[in-house]
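Structure assessment
Chain residues, written in single-letter form:
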Amino acid sequence: MTASEKKQVPVSEGLWTTPSSPGEKPQLIGSKCPGCGEIVFPTNRRCINCQNEHMEDIKLSRKGKIHAMTTVMLRPPAYYKGPVPFSIGWIELPDGVRVNATLLGAEPDSFKVGQEVELVIHKLQEDEEGNDIMAFGFAPVEA
Ligand SMILES: [Zn+2]
């Protein structure tokens, strides 16, 4: 396989935007209720708050703060090929939504509640054809 045949495949479609220019950065895609203003991630057609069925897609903020986190010490089921231990957390975005994500870019135990983190799209693992499976996570904001 040559490099040009190698593709980047998102772990799931529709989770984040694909930048169309180098200056653009990916953003997570959520849904906002035009009725009550509820915001959810990932997208959902029906509002969990008021049952409105006309939720609209919105781009979520790239930066947020760690609301809660934990470090996973044991290797998850076989399909997971990433490093162990790793940290996962709930990231509170200024949009008013919390996102469950892997924490990256620092030692697993070094993350703190309230720490500012930023969206990163990273290679999770390779599939059988050698394509990069891409996933989202959050990493400390560069000072
Ligand atoms: Zn609603």
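Residues numbered from 1 in each chain as written. Predicted model: local features only at pLDDT ≥ 70, side-chain atom pairs only at ≥ 80, totals over all residues. Heavy atoms only, no water.

1. Things to note about the environment of Gly 105
- Of note, Gly 105 is situated in the loop between strand E7 (97–103) and strand E8 (116–126).
- For Gly 105, a relative accessible area of 71% corresponds to the exposed category.
- Along the sequence, Gly 105 and Glu 142 sit 37 residues apart, while their C-alpha atoms lie 10 Å from each other.
- Not counting chain neighbours up to four residues away, the residues in contact with Gly 105 comprise Ala 139 and Pro 140. (Helix = DSSP H or I, 4+ residues; strand = E, 2+ residues; numbered from the N terminus. Buried < 20%, exposed > 50% of the residue type's maximum accessible area, 1.4 Å probe, protein only. Contact = heavy atoms within 4.5 Å.)

2. Considering the sheet that holds strand E2 (residues 29–32)
- Strand order in the open sheet formed by three strands is E3-E2-E4, with antiparallel pairing between adjacent strands. Edge strands, defined here as strands with exactly one partner in the open sheet, are strand E3 (39–40) and strand E4 (56–59).
- As paired elements, E2 and E3 share two bridges and run antiparallel to each other. By the bridge assignment for E3, Ser 31 is matched with Val 40. (Pairing = 2+ DSSP bridges.)

3. Points about the nonpolar core
- Counting 19 residues, the largest nonpolar core has Leu 28, Phe 41, Ile 91, Val 99, Phe 136 and Phe 138 as the members making the most contacts within it.
- Only strand E6 (86–93), E7, E8 and strand E9 (132–140) provide two or more residues apiece to this core.
- Residue contributions to this core peak at four residues, all from E7.
- Counting the residues that make up this core, at least three belong to each of domain 1 (11–17 + 27–60) and domain 2 (62–143).
- Those residues in contact with Ile 91 that lie beyond four places of it in its chain are Gly 64, Lys 65, Ile 66, Val 97, Arg 98, Val 99, Ala 101, Leu 103, Val 117 and Phe 138. (Core = buried A, V, L, I, M, F, W, Y, C linked by side-chain atoms within 4.5 Å. Domains from an automatic or database assignment.)

4. A closer look at the pattern of salt bridges
- Here the structure, examined in full by the defined rule, presents eight salt bridges.
- Across the pair Arg 45 and Asp 57 runs a salt bridge, and its minimum N-O distance is 3.1 Å. Of this pair, Arg 45 sits in the loop between E3 and E4 while Asp 57 sits in strand E4, placing them twelve residues apart in sequence.
- In this structure Arg 45 comes out as partly exposed when scored by relative accessible area, which is 46%.
- Residue class for Asp 57 comes out partly exposed when judged on its relative accessible area of 49%. (Salt bridge = Lys/Arg side-chain N within 4 Å of Asp/Glu carboxyl O.)

5. So, the domain arrangement of the protein
- Annotation of the protein at the domain level lists domain 1 (11–17 + 27–60) and domain 2 (62–143).
- Facing the ten residues of domain 1 at the interface are 14 residues of domain 2.
- Of the roughly 990 Å² buried where domain 1 meets domain 2, counting both sides, 79% is carbon and sulfur surface.
- When the area that domain 1 buries against domain 2 is broken down by residue, the three leading residues are Trp 16, Leu 28 and Leu 60, summing to 48%.
- Linking domain 1 with domain 2 are zero salt bridges.
- In this structure, the connection of domain 1 to domain 2 is made through one residue pair in polar contact (both at pLDDT 80 or more).
- By residue class, the composition of the side of domain 1 that touches domain 2 is eight nonpolar, one polar and one charged. (Buried area = accessible area lost by both parts, 1.4 Å probe. Polar contact = N/O pair within 3.5 Å; in protein donor to acceptor, adjacent residues only side chain to side chain. Nonpolar A, V, L, I, M, F, W, Y, C, P; charged D, E, K, R; others polar.)

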